[in-house]
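# Structural features, examined
The chain contents come next:
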Amino acid sequence: MQAGKPILYSYFRSSCSWRVRIALVLKGIDYATVPINLVKDGGQQFSEEFQALNPMMQVPALKIDGLTIGQSLAIIEYLEETRPAPRLLPQDPKKRASVRMISDLIASGIQPLQNLSVLKQVGKENQLAWAQNVISSGFNALEKILQSTAGKYCVGDEVSMADLCLVPQVANAESCQICE
């Protein structure tokens, strides 16, 4: 493992970055942040420097233990495997599968369809309706799933990776900022 603090390349309004920030804090990992502004100068994620770090040109990216990891769920899973306390994935395989299913539903089925790069493609006049439709459809499916998995949290009574995905998505649903 590398000496020094992990470095999180992040944007303050990115729900994907938010998930990772929650995981780092819950696990008590001290880290440094390098802000990557997704709108300034046409998007700093498109710079050659950042593209060398993450060829997908998306945040977050985490430098830790001598490697750079992109994609929030991959980062969270790596943190879980290398720093297992507190747990973000239940020990029970059925509950763990539910956590992954809910996390993927949000991270793959809702969030990408209402993020900045997609909203730019649908045109300014259609952004609000598009985002509302995507989030409503995803939340309808999620509510049906949570009826059989939820306790105090998404899956049972302990915080999990699913909750780390849900919190930023709820904030996106409540905020018009997703429509800018």
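Below is a short write-up of the structure. Going along each chain's sequence as written, the residues are numbered from 1 onward. Whole-chain, interface and lining totals are the exception, using all residues; otherwise, since this is a predicted model, local features are given only for residues with pLDDT of at least 70 and side-chain atom pairs are given and counted only at 80 or more. Excluding hydrogens and water, the side-chain values take into account all heavy atoms of the structure.

Take the nonpolar core next. We call a set of buried residues a nonpolar core when its members are Ala, Val, Leu, Ile, Met, Phe, Trp, Tyr or Cys and they connect through side-chain atoms within 4.5 Å of each other. Only protein chains enter the accessibility calculation, which uses a 1.4 Å probe; a residue is then buried when its area is under 20% of its type maximum, exposed when over 50%, and partly exposed in between. Within the largest apolar cluster, 35 residues are counted, with the highest numbers of intra-cluster contacts made by Leu24, Leu79, Ile102, Ile106 and Leu142. Breaking this core down by element, the ones donating at least two residues are α1 (15–26), β3 (61–64), α3 (72–82), α4 (93–110), α6 (127–149) and α7 (161–174). Throughout, a contact is declared for two residues whenever any of their heavy atoms are within 4.5 Å. In this view, Leu24 contacts Leu8, Ile29, Tyr31, Leu62 and Leu79; residues no more than four positions away in its chain are not counted. Core analysis: the next-biggest nonpolar cluster, separate from the first, contains seven residues, Tyr9, Tyr11, Val59 and Ala61 among them. Strands are runs of DSSP state E lasting at least 2 residues, helices are runs of H or I lasting at least 4, and numbering of each runs from the N terminus.

Glancing now at the environment of Ser47. With respect to the helices and strands, Ser47 occurs in the loop between β2 (32–35) and α2 (48–53). Sequence separation between Ser47 and Ile36 is eleven residues, and the spatial gap between their C-alpha atoms is 9.8 Å. A distance of 3.1 Å separates the side chain of Ser47 from the backbone oxygen of Gln44, its partner in a polar contact. By the criterion applied in these results, polar contacts are pairs of N or O atoms within 3.5 Å in which, for protein atoms, one can donate a hydrogen and the other can accept it, and in which residues neighboring in sequence qualify only through two side-chain atoms. Of the polar contacts made by the side chain of Ser47, one reaches the backbone nitrogen of Phe50; its length is 3.1 Å.

A pair of aromatic rings is counted whenever rings of Phe, Tyr or Trp (Trp by its six-membered ring) have centres within 6.5 Å, and the orientation is called stacked for planes under 30 degrees apart, edge-to-face for over 60 and tilted otherwise. In this structure the tally under the stated criterion is two aromatic pairs. Taken together, a centroid distance of 6.2 Å and an interplanar angle of 55° make the contact between Tyr9 and Phe50 tilted. With Tyr9 in strand β1 (residues 7–10) and Phe50 in helix α2, this pair connects stretches of sequence that are 41 residues apart. With a centroid separation of 4.9 Å and 65° between ring planes, the pair formed by Tyr11 and Phe12 is classed as edge-to-face.

The disulfide criterion used throughout: a pair of cysteine sulfur atoms within 2.5 Å. For the structure on display, the rule yields zero disulfides. Cys16 takes part in no disulfide bond, and the closest cysteine sulfur, belonging to Cys165, lies 8.4 Å away. Here Cys154 is not disulfide-linked; the sulfur of Cys165 is the nearest cysteine sulfur, at 8.7 Å. On the accessibility criterion, Cys154 (4% relative accessible area) is buried.

Backbone torsion omega between Val59 and Pro60 reads 5°, so that peptide bond is classified as cis. Tracing the backbone through its elements, the reader meets Pro60 in the loop between α2 and β3. The peptide bond linking Ala85 to Pro86 adopts the cis configuration, its omega dihedral lying at -10°. With respect to the element layout, Pro86 can be found in the loop between α3 and α4. Even without glycine at this site, Asp41 takes up a positive phi of about 55°. Relative to the elements of secondary structure, Asp41 occurs in the loop between β2 and α2.

Pairing of β1 with β3 involves three bridges; the strand directions are antiparallel. When the bridges of β3 are listed, Tyr9 appears paired with Ala61. For two strands to be treated as a pair, DSSP must find no fewer than two bridges joining them. Inspection of the sheet shows β3 paired to strand β4 (residues 67–70) by four bridges, in the antiparallel sense. Each bridged residue has a counterpart across the sheet, and for Leu62 the counterpart in β4 is Ile69. Between β3 and β4, which pair antiparallel one after the other, the connecting turn spans two residues, and Asp65 there sits at a positive phi close to 55°.

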